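Okay, here's what each chain looks like letter by letter:
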Amino acid sequence: MKVCAVAAARPNFMKLAPVVAALEAARVEVVLVHSGQHYDPMMSDVFFEELALREPDHHLGVGSGTHAGQTAGVMVAFEPLLDALDADVVMVVGDVNSTVACALVAAKAGVAVAHVEAGLRSRDWSMPEEINRVVVDRISDVLLAPSPDGVENLLAEGRPSESIHLVGNVMIDTLLTNLDRARARPVLGDLGLTEGGYGFVTMHRPANVDDPWVLRTVAEALVRVARECPLVFPAHPRTAQKLDALDLGPDITVTGPVGYLDSLALQAGARIVLTDSGGIQEETTVLGVPCLTLRDNTERPITIAEGTNQLVGRDPERIVKAARAVLHDGVETRRPALWDGHASERIVAALLGR
Ligand code: UD1
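Each value, and the rule that gives it
- Residues numbered from 1 in each chain as written.
- Predicted model: local features only at pLDDT ≥ 70, side-chain atom pairs only at ≥ 80, totals over all residues.
- Heavy atoms only, no water.
- Salt bridge = Lys/Arg side-chain N within 4 Å of Asp/Glu carboxyl O.
- Helix = DSSP H or I, 4+ residues; strand = E, 2+ residues; numbered from the N terminus.
- Buried < 20%, exposed > 50% of the residue type's maximum accessible area, 1.4 Å probe, protein only.
- Near = heavy atom within 4 Å.
- Polar contact = N/O pair within 3.5 Å; in protein donor to acceptor, adjacent residues only side chain to side chain.
- Areas by Shrake-Rupley, 256 points an atom, 1.4 Å probe, with all protein chains shown as cover.
- Nonpolar A, V, L, I, M, F, W, Y, C, P; charged D, E, K, R; others polar.
- Domains from an automatic or database assignment.
- Contact = heavy atoms within 4.5 Å.
- Buried area = accessible area lost by both parts, 1.4 Å probe.

A look at the pattern of salt bridges
Here is step 1: All told, the structure shown has 22 salt bridges when counted by the stated rule.
Here is step 2: Asp137 serves as the salt-bridge partner of Arg121, at 2.9 Å between the closest nitrogen and oxygen. Pair noted here: Arg121 is in the loop between strand E5 (112–116) and helix H5 (128–139) and Asp137 is in helix H5, with a separation of 16 residues, a long-range link.
Here is step 3: The class for Arg121 is buried, based on a relative accessible area of 4%.
Here is step 4: On the basis of relative accessible area, Asp137 is assigned to the buried category, the value being 0%.
Here is step 5: Here Glu129 makes a salt bridge to Arg205, at a shortest N to O gap of 2.9 Å. A residue pair is termed long-range when its members are at least 10 positions apart, and Glu129 in helix H5 and Arg205 in the loop between strand E8 (199–202) and helix H9 (206–209) qualify at 76 residues.

Focus: the site of the ligand
Here is step 1: Gln37, His38, Glu129, His204 and Arg238 are the nearest of the 19 residues found near the ligand.
Here is step 2: Here an oxygen atom of the ligand sits 2.9 Å away from a polar atom, N or O, in the main chain of Asn97.
Here is step 3: The protein chains hide 87% of the 740 Å² of surface that the ligand would expose on its own.
Here is step 4: A breakdown of the residues in the shell around the ligand according to their chemical character gives 5 nonpolar, 9 polar and 5 charged.
Here is step 5: When residues of the shell around the ligand are assigned to domains, at least three map to each of domain 1 (2–169 + 339–351) and domain 2 (178–329).

Looking at the domain arrangement of the protein chain
How big an interface is tends to be expressed through the accessible area that disappears when the partners come together.
Here is step 1: Taken domain by domain, the protein chain consists of domain 1 (2–169 + 339–351) and domain 2 (178–329).
Here is step 2: A C-alpha centroid distance of 26 Å is found between domain 1 and domain 2.
Here is step 3: Contacts between the two partners involve 24 residues from domain 1 and, on the opposite side, 22 residues from domain 2.
Here is step 4: Counting each side, the surface lost to burial between domain 1 and domain 2 is near 1,800 Å², with a carbon and sulfur contribution of 58%.
Here is step 5: Looking only at domain 1, the three residues that lose the most surface to domain 2 are Met42, Glu50 and Trp339, adding up to 30% of its buried area.
Here is step 6: If you look at where domain 1 meets domain 2, you find 4 salt bridges.
Here is step 7: Close ionic contact of Glu117 with Arg300 constitutes a salt bridge, the shortest N to O distance being 3.1 Å.

Below you can see the structure in the form of structure tokens.
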């Protein structure tokens, strides 16, 4: 079997690393393609180095753009490559624009599509990722779900049960493999932080950072939380451009994007995490760190039902109240089934058994 695996954007790399390793250990031929959606060294290269994800066999070099421009750019670049590869399966991960672009090309070329992280739904159609998820799952042949809610969503949408596999969460494979290495990093000391003495913030969703009024409102809440617990905020490039106009006060340290290991170290040592990321909702659940999600919905409800996550939206009063509560009371630690470090092996078994 020959699998063409597509890497594209920051949240893809830690999901793909263990799957590529498990496929290659099972002697499956893997052709690794990087679309170039993320291209800055700290948004891409650092993840390949830290996670021992090998150099991609092909770079599409597409870069940034509008949704249509970026998606179309990946499709135009991927089509002739896929024609030349003679792959049996195209494996796509997550919900970014490159994921839907490559899935569409493969489906029309008659090549089977396998989707890692299938079935997640926020039911929020204003999120570009929700459109990507639904389209990708509709045209995928192998649906690899991280949690039972994903399976239920796929069945409710009429996807055939024989194409759905509950495999668990590959992101957690990578977390469990790398947690000790992450904890050994000097990042806390370098930033003047002590274990349990600070909060960790990330924000990059267009709904939170593109509207200056919304960003200012959330930032005001962060400033209030930071007076009680200093915050460190590694800013995504999309966010960094917008933060310059705001005064975040002395208790919020803004840095550039951090690599995987430092992100994990900073989460593991934090007393509280505030984020609009999807993956961080999952990572904090496994680390047992309270997570406040700065959104009104989540495609990962299991992190609320069985983890440490809660939705707090963007209302400053609600954010500050929830932060005070978890800073005072902490949270109960639980972990969803099959978030056990072996999801990649189950993915290989699902692919080989089809
Ligand atoms: C994308 C994904 C989002 C994911 C996020 C993780 C889509 C629709 N969105 O959002 O689901 O959570 O990645 O980071 O695919 N930029 C750089 N350097 C880079 C990459 C981007 O400076 O290496 C800047 C550019 O100004 C670019 C902007 O970030 O225009 C947005 O990048 P883009 O890939 O369009 O979307 P993200 O916001 O990163």
